[in-house]
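Observations on the three-dimensional arrangement
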Amino acid sequence: MARLTSFLLLISLLCFVPLCLCDKSYGGKLFPGYYAHSCPQAGEIVRSVVAKAVAKETRMAASLVRLHFHDCFVQGCDGSLLLDTSGRIKSEKSSNPNSKSARGFDVVDQIKAELEKQCPGTVSCADVLTLAARDSSVLSGGPSWVVPLGRRDSRSASLSGSNNNIPAPNNTFQTILTKFNRQGLDVTDLVALSGSHTIGFSRCTSFRQRLYNQSGNGSPDMTLEQSFAANLRQRCPRSGGDQILSVLDIISAARFDNSYFKNLIENKGLLNSDQVLFSSNEKSRELVKKYAEDQEEFFEQFAESMIKMGNISPLTGSNGEIRKNCRKINS
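Residues numbered from 1 in each chain as written. Predicted model: local features only at pLDDT ≥ 70, side-chain atom pairs only at ≥ 80, totals over all residues. Heavy atoms only, no water.

In the annotation of an unreviewed UniProt entry, the protein chain is listed under the name Peroxidase and assigned to Arabis alpina. Recorded under Subcellular location (unreviewed entry), the UniProt text for the protein chain is reproduced unchanged: "Secreted". Reading the Catalytic activity (unreviewed entry) entry of the UniProt record for the protein chain gives the comment "2 a phenolic donor + H2O2 = 2 a phenolic radical donor + 2 H2O". (UniProt positions renumbered as here; feature names shortened; annotations may be inferred.)

Structure, rendered in structure tokens:
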């Protein structure tokens, strides 16, 4: 706990730089006090809308965390995922990782509408995603952290980047790690951030291969615990039913805790990309064991890794823009 406390204290102290810096880019870096004077109620506005959305549908917490992840892995944390297809922009929403699965855009719209009422043209959509992810963790019983702010919104999207940069459910461990490494994240970040799968659901199409044809020879994934696999087959047929949902964490699907890691040790990870953290690499296996034994350690590292992910290639200063509508660039 001491490690995280010291880390967050250092981040918090950045708010106390001279006041003239608190609403401007500080050397291109992000810091928590960015909206302290231009929109001091920003955090509360985001938290209020997210709380209502999660109270209405607990699944929304996982969906909002996922939006932040899928945004940051493409062009950095710049809100590019939120853009609809228009003119020269081909939306990332239509990529393989996002099509028919990315959700929560209406919640982001609600947050942005409230922010525009109170602080027009001030808070970026990229920062909305970052704050909403933190609040979703807290509302689900997970850790909180101080969110560095000051990101600006991109004026472009990358459909190819979304297809190529975001790890797929059936990727090998090395492929997933390579994709994390390209973003400046290491194996510890990979395992900790994967722990967000302690909440939420996944579609049948994302894990069907494990049930029926893992290696292309018509055989299931033998690392999958057999009774768990049998139950999944009852919900996920060999063909059809692509959108049928199963929980990512069979112990506590709506509560953010460390049971996800306990599932992996018992070979009950839903996705191949989950189970390989325990079955395919010694270092990641030891991290899985550590987080399964110590929830506080997991929470501390998850918070630290979320801050690190949120710092991937942000647009600051005069780069990008502050969108009025998160779905389209300013005209």
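Once the structure has been displayed, the description carries forward.
Take the pattern of salt bridges next. Inspection of the entire model under this criterion finds 18 salt bridges. Taking the shortest distance from any N to any O, the salt bridge between aspartate 135 and arginine 134 comes out at 2.8 Å. The same class applies to aspartate 135 and to arginine 134, which are both buried. Among the salt bridges present, the one from glutamate 321 reaches arginine 155, with a minimum N-O distance of 2.4 Å. Here the residue glutamate 321 occupies a position in the segment after helix H14 (295-310), and arginine 155 occupies one in the loop between helix H5 (125-139) and helix H6 (159-165), the gap between them amounting to 166 residues. In the salt-bridge network here, residues are joined through shared partners; they are Asp84, Lys93, Asp109 and Arg327. (Salt bridge = Lys/Arg side-chain N within 4 Å of Asp/Glu carboxyl O. Buried < 20%, exposed > 50% of the residue type's maximum accessible area, 1.4 Å probe, protein only. Helix = DSSP H or I, 4+ residues; strand = E, 2+ residues; numbered from the N terminus.)

So, on to the environment of glutamine 75. For glutamine 75, the position within the fold is in the loop between helix H3 (59-72) and helix H4 (105-118). Residue class for glutamine 75 comes out partly exposed when judged on its relative accessible area of 33%. It is 13 Å that separates the C-alpha atoms of glutamine 75 and threonine 316, two residues lying 241 residues apart in sequence. Once you skip the residues sitting within four places of it in the chain, glutamine 75 turns out to touch Ser80, Ser154, Ser156, Ala157, Ser158 and Ser313. Looking at glutamine 75, its side chain comes within polar contact range of the side chain of aspartate 78, at 2.9 Å. In this structure the side chain of glutamine 75 is engaged in a polar contact, spanning 3.4 Å, whose partner is the backbone oxygen of serine 156. (Contact = heavy atoms within 4.5 Å. Polar contact = N/O pair within 3.5 Å; in protein donor to acceptor, adjacent residues only side chain to side chain.)

This structure, assessed with the given rule, holds 15 aromatic pairs. Among the aromatic residues, ring-to-ring pairing joins Trp145, Phe256, Tyr260, Phe261, Tyr291, Phe298, Phe299 and Phe302 into one connected group. Above the face of the phenylalanine 105 ring, lysine 93 is positioned so that its terminal group lies 4.3 Å from the ring centre. Its guanidinium or amino end placed over the ring of phenylalanine 278, arginine 285 lies 6.0 Å from that ring's centre, counting from NZ or CZ. (Phe/Tyr/Trp six-rings, centres within 6.5 Å; stacked < 30°, edge-to-face > 60°. Lys NZ or Arg CZ within 6 Å of the ring centre and 35° of its normal.)

Further remarks concern the packing of helix H12 (residues 272-279) against helix H13 (residues 282-293). The packing of two helices is summarised by the inter-axis angle and the distance between the axes. It is the contact of H12 with H13, at a shortest axis distance of 6 Å, that shows an interaxial angle of 100°. It follows from the interaxial angle that H12 and H13 lie roughly perpendicular. Of the residues in H13, those touching H12 at Val276, Leu277, Phe278 and Ser279 are Ser284, Arg285, Val288 and Lys289. Its residues assigned to classes, the contact of H12 with H13 comprises 4 nonpolar, 2 polar and 2 charged. (Axes fitted to C-alpha atoms, helices over the stretch in contact; angles between N-to-C directions. Parallel < 35°, antiparallel > 145°, perpendicular 65-115°, else oblique. Nonpolar A, V, L, I, M, F, W, Y, C, P; charged D, E, K, R; others polar.)

Turning to the state of the cysteines, a few remarks are in order. In the structure shown here, the tally under the stated rule is 4 disulfides. Through a disulfide, cysteine 125 is tied to cysteine 326; the S-S separation comes to 2.1 Å. Where cysteine 125 bonds to cysteine 326 through sulfur, the torsion about that S-S bond is close to -95°, and the disulfide is left-handed. Taken together, the residues cysteine 125 in helix H5 and cysteine 326 in the segment after H14 connect sequence positions 201 residues apart. Given a relative accessible area of 0%, cysteine 125 falls into the buried group. Disulfide partners in the protein chain, listed by the sequence order of the bonded cysteines, are 1-4, 2-3, 5-8, 6-7. (Disulfide = S-S within 2.5 Å.)

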